[in-house]
Amino acid sequence: MGPTHFPRVKICCISSIEEAELAIACGASALGLVSAMPSGPGVIGEDRIAEIAARVPPPIGTFLLTSKQGVQAIVAQQRRCRTNCLQLCDRLTSGSPSDLKAALPGVAIVQVIHVTGPESVDEAAAVAPSVDAILLDSGNPVLDVKELGGTGRSHDWSLSLRIREQVNVPIFLAGGLNAGNVDQAMKAVAPFGLDLCSGVRTGGRLDPEKLTHFFEAVSFAAKQPAVSNTTGR
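The rules behind these values
- Residues numbered from 1 in each chain as written.
- Predicted model: local features only at pLDDT ≥ 70, side-chain atom pairs only at ≥ 80, totals over all residues.
- Heavy atoms only, no water.
- Patch = residues over 30% accessible without salt bridge, like charges linked within 9 Å, V, L, I, M, F, W, Y side chains within 5 Å.
- Areas by Shrake-Rupley, 256 points an atom, 1.4 Å probe, with all protein chains shown as cover.
- Salt bridge = Lys/Arg side-chain N within 4 Å of Asp/Glu carboxyl O.
- Lys, Arg positive; Asp, Glu negative; His and termini not counted.
- Charge placed at Lys NZ, Arg CZ, Asp CG, Glu CD.
- Helix = DSSP H or I, 4+ residues; strand = E, 2+ residues; numbered from the N terminus.
- Buried < 20%, exposed > 50% of the residue type's maximum accessible area, 1.4 Å probe, protein only.
- Pairing = 2+ DSSP bridges.
- Axes fitted to C-alpha atoms, helices over the stretch in contact; angles between N-to-C directions.
- Contact = heavy atoms within 4.5 Å.
- Polar contact = N/O pair within 3.5 Å; in protein donor to acceptor, adjacent residues only side chain to side chain.
- Right-handed = clockwise from strand over helix to strand, strands pointing away.

## Quick look at a negative patch on the surface
At step 1: Judged by side-chain charge, Glu18, Glu21, Asp47 and Glu51 come together as a negatively charged surface patch.
At step 2: Mapped by element, the contributors of at least two residues to the negative patch are helix 1 (17-26) and helix 2 (46-55).
At step 3: Exposure remark for Glu21: the relative accessible area of 47% places this residue in the partly exposed category.

So this is what it looks like as structure tokens:
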């Protein structure tokens, strides 16, 4: 997919209606609601996810982050939570994204690819035709205790660029983003969207000042002359 000069912003690890309202007021286009995970921050109960999702205005994306790997379990979870997007933080072990789309019409399917090396480029290219978007993160799903997001680490953005250039669906870039590096990230990858959690929090709580600075940094970066970031392949 081609470069995006002014990316959308998804604020993840939303834990309350108040945090949702704050993120939206500052300019968020989407919110991440984290269900049970093997590790990482921001996990809340499904009842609270459903409560927050029900209060978010329709133009805003509500992403249910799930660690489940079976289609039937994911479908049941989404029907309990009632978000308009599903973020698959791990690989499916039964069923396919097409099965999810058939069971959940109108719900966008976003597959997380944890960018750990060049093999991630092939993984993203393989799954792209069957999903609505790909989110590039910095976890490690092969550890004994899986990391499926929320690490606060960045990854090799040159690989993210290769993925963005090779697939025909929107790319969200996650992993260690903050007001200090978002300009570099936008120049390096030019993703459709940016996704962050810890970069706009203090003591685990959404920080209005950090949020404001982040959106100001995105706006400033977007106003700079476009930089070509083709790889020459």
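Past the structure itself, the notes keep going.
## Let's talk about the sheet that holds strand 1 (residues 8-11)
At step 1: With parallel pairing, eight strands are arranged side by side around a closed barrel as 1-2-3-4-5-6-7-8. Across the sheet, the axes of successive neighbouring strands diverge by a mean angle of 25°, strand direction being ignored.
At step 2: Summarising the sheet, strand 3 (residues 61-66) and strand 4 (residues 85-88) pair through four bridges and their orientation is parallel. Bridge pairing links Thr66 to Leu88 in strand 4.
At step 3: Helix-sheet contacts for helix 6 (residues 157-166) involve strand 6 (133-137) and strand 7 (171-174), and the interaxial angle to strand 7 is about 170°.

## What about the pattern of salt bridges?
At step 1: Under the defined criterion, the tally for this structure stands at eight salt bridges.
At step 2: One salt bridge connects Lys10 with Asp195, and the closest N-O pair in it is separated by 3.1 Å. Placement of the pair is Lys10 in strand 1 and Asp195 in strand 8 (residues 193-196), with a sequence separation of 185 residues. The exposure classification of Lys10 matches that of Asp195, with both residues buried.
At step 3: Across the pair Glu147 and Arg153 runs a salt bridge whose closest N-O atoms are separated by 2.8 Å.

## Some details on the side chain of His114
At step 1: Structurally, His114 is set in strand 5 (residues 108-114).
At step 2: For His114, a relative accessible area of 6% puts it in the buried group.
At step 3: A polar contact of 3.1 Å, which involves the side chain of His114, links it to the backbone oxygen of Cys89.
At step 4: Within the structure, the side chain of His114 is placed 3.1 Å from the backbone nitrogen of Gly139, a separation counted as a polar contact.
At step 5: The contact partners of His114, leaving out residues within four places of it in the chain, are Cys89, Ser120, Asp137, Ser138, Gly139, Asn140, Pro141, Glu147, Leu148 and Gly149.

## Section: the pairing of strand 1
Successive side chains on a regular strand alternate, one facing one side of the sheet and the next facing the other.
At step 1: As judged from the four bridges shared by strand 1 and strand 8, these two strands associate in the parallel manner. Along strand 8, the bridge assignment pairs Arg8 with Gly193.
At step 2: Across two bridges, the pairing between strand 1 and strand 2 (residues 30-34) is parallel. Within the sheet, the bridge partner assigned to Ile11 lies in strand 2 and is Leu31.
At step 3: Between strand 1 and its parallel partner strand 2, the chain crosses via helix 1, and the hand of that crossover is right-handed.

By themselves these figures say nothing about function.
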